[in-house]
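What follows is each chain in one-letter form.
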Amino acid sequence: MTLMNTLNLACPIIQAPMAGATTPELAATVSNFGGLGSLGSGTTAPDVLDKQIDTIKSLTDRPFMINLMVLSEHDSSTLDSEIPAWLSNFYQEKNIEMALPERPALSFADQLQVLYDNPVPVASFTFGIISAEQVQHLQSLGTRVIGTANHPLEAKAWAEIGADAVCVQGVEAGGHRGGWLPQSANDPMGLLTLISQTRACTDIPLIAAGGIMTGQAIKAIQTAGAELAQIGTAFLTTDKCGINATYKQALLDASQDNRSSETRLTRLFSGKQARGLLNDYLRDFAQFENAHELPPYPQLNAMTKDLRAHAKKTLDAEHQSLWAGQGVALVRQEGTIELLERLVKEL
């Protein structure tokens, strides 16, 4: 049985789980249409996540997905990196108050417990890999488990612990890269290459992500060996998405002007590679991109939180993390259903 049949989907579309951008309403809308709606929950407190799951369940009786970021307890609880001088100076120059949190990220174990206590149809994971025992426990609750991979070896690792599918995320994808092995950061692969090389080493069902903006692109990844398409950037400018107006306008501007549609992989906002629109923040501090002392995720992410919040509050697109994939020039201001109908028609 195919993954699409297993999940009872009417179309081969997964709406990407973009933390901070997705909403229960967006996920439910996509699921009710016949795709797989999802909620990026890696930055969501457990009690809030529990309520959001209940909200989605009240809005749809179709399958949906919750996505979590796999972090060790040490990584999420300990802020042990020095604030880079260039970042500290920026806060002082702009007169932005920085209040570092007690811990740089939420407890993954506490978030995962929510999925044990309030089971969901599909759970996906990024930034790392869980244990075979955790996979089996989720599956015993009726939850399908999906991993994320930027390299064939990561996909193979997920297959070996019994995951139901793997989302292979090409270098074209917007937002954070989900891999964890050194190979995925050292030699980023384009999506079609990643699919073909992954297909050669494992027969686990594949979901493709990265630069997919049209029905024709969905057909291309299916021909290459993936079954479903995970689409993120195209949903950012739709009505159900939760991003702020400044961010959304920057994306729409990128669709009108090729000069503003340039994206870049960067570690400068969070310490982990992520693709976003090129803006002044990335230009001004480009020289520190590969600095040995750049704090890792989630350390740097915690350090830039107040900077990003200030930019959002002051409607400043030049210092926000404007995550977007290489297909950003094709975004449109449209309804979520309108986008889905167009993709299916193109298929």
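The coordinates are above.
Below: a short report on this structure. Predicted, not measured: the structure shown is a model, and the values here were computed from it.

With that settled, the discussion passes to the layout of surface pockets. There is about 490 Å³ of room inside the second largest pocket. Contributing to the lining of the second largest pocket are 22 residues, with Gly179, Gly271, Lys272, Pro296 and Tyr297 lying nearest its centre. Put simply, the parts of the chain that give the lining of the second largest pocket at least two residues each are helix 4 (73-77) and helix 9 (182-186). Considering each element in turn, the lining of the second largest pocket owes the most residues, 3 residues, to helix 9.

Glancing now at the state of the cysteines. One pass over the full model with this rule turns up 0 disulfides. Residue cysteine 167 stays outside any disulfide, its sulfur separated by 15 Å from that of cysteine 201, the closest cysteine. Among the cysteines around cysteine 241, which has no disulfide bond, cysteine 167 carries the closest sulfur, lying 17 Å off.

Let us now look at the sheet that holds strand 5 (residues 144-149). Judged by pairing direction, the sheet is parallel, and its 8 strands sit side by side in the order 1-9-8-6-5-4-3-2 without closing on themselves. A strand with exactly one partner marks an edge of an open sheet, and here the two such strands are strand 1 (13-15) and strand 2 (37-40). Taken pair by pair, the neighbouring strands of this sheet meet at an average axis angle of 25 degrees, ignoring direction. Of the pairings in the sheet, the one linking strand 3 (residues 64-69) to strand 4 (residues 122-126) comprises 5 bridges and is parallel in character.

Calculation notes
- Within each chain, residues carry numbers counting from 1 in the order of the written sequence.
- In view of the model being predicted, local features appear only for residues whose pLDDT reaches at least 70, and side-chain atom pairs are presented and counted only at 80 or more, with totals across whole chains, interfaces and linings using the full set of residues.
- Side-chain measures here rest on the full set of heavy atoms in the structure, leaving out hydrogens and waters.
- A pocket, in this scheme, is an open set of points on a 1 Å grid over the protein atoms alone with protein on both sides within 12 Å along at least 5 of 7 lines, while a cavity is a set where a 1.4 Å probe fits but cannot get out; residues line either one if an atom lies within 4 Å of a point.
- Grid points are joined across faces, edges and corners, and a volume is the space filled by probe spheres set on the points.
- Helix and strand definitions here come from DSSP, where helices need a minimum of 4 consecutive H or I residues and strands a minimum of 2 consecutive E residues; each element is numbered from the N-terminal end.
- Our working definition of a disulfide is a cysteine sulfur pair at a distance within 2.5 Å.
- Strand pairing requires that DSSP identify at least two bridges connecting the strands.
- As a rule, the C-alpha atoms of each element are fitted with a line to give its axis, helices using only the stretch in contact, and angles between N-to-C directions run from 0 to 180 degrees.

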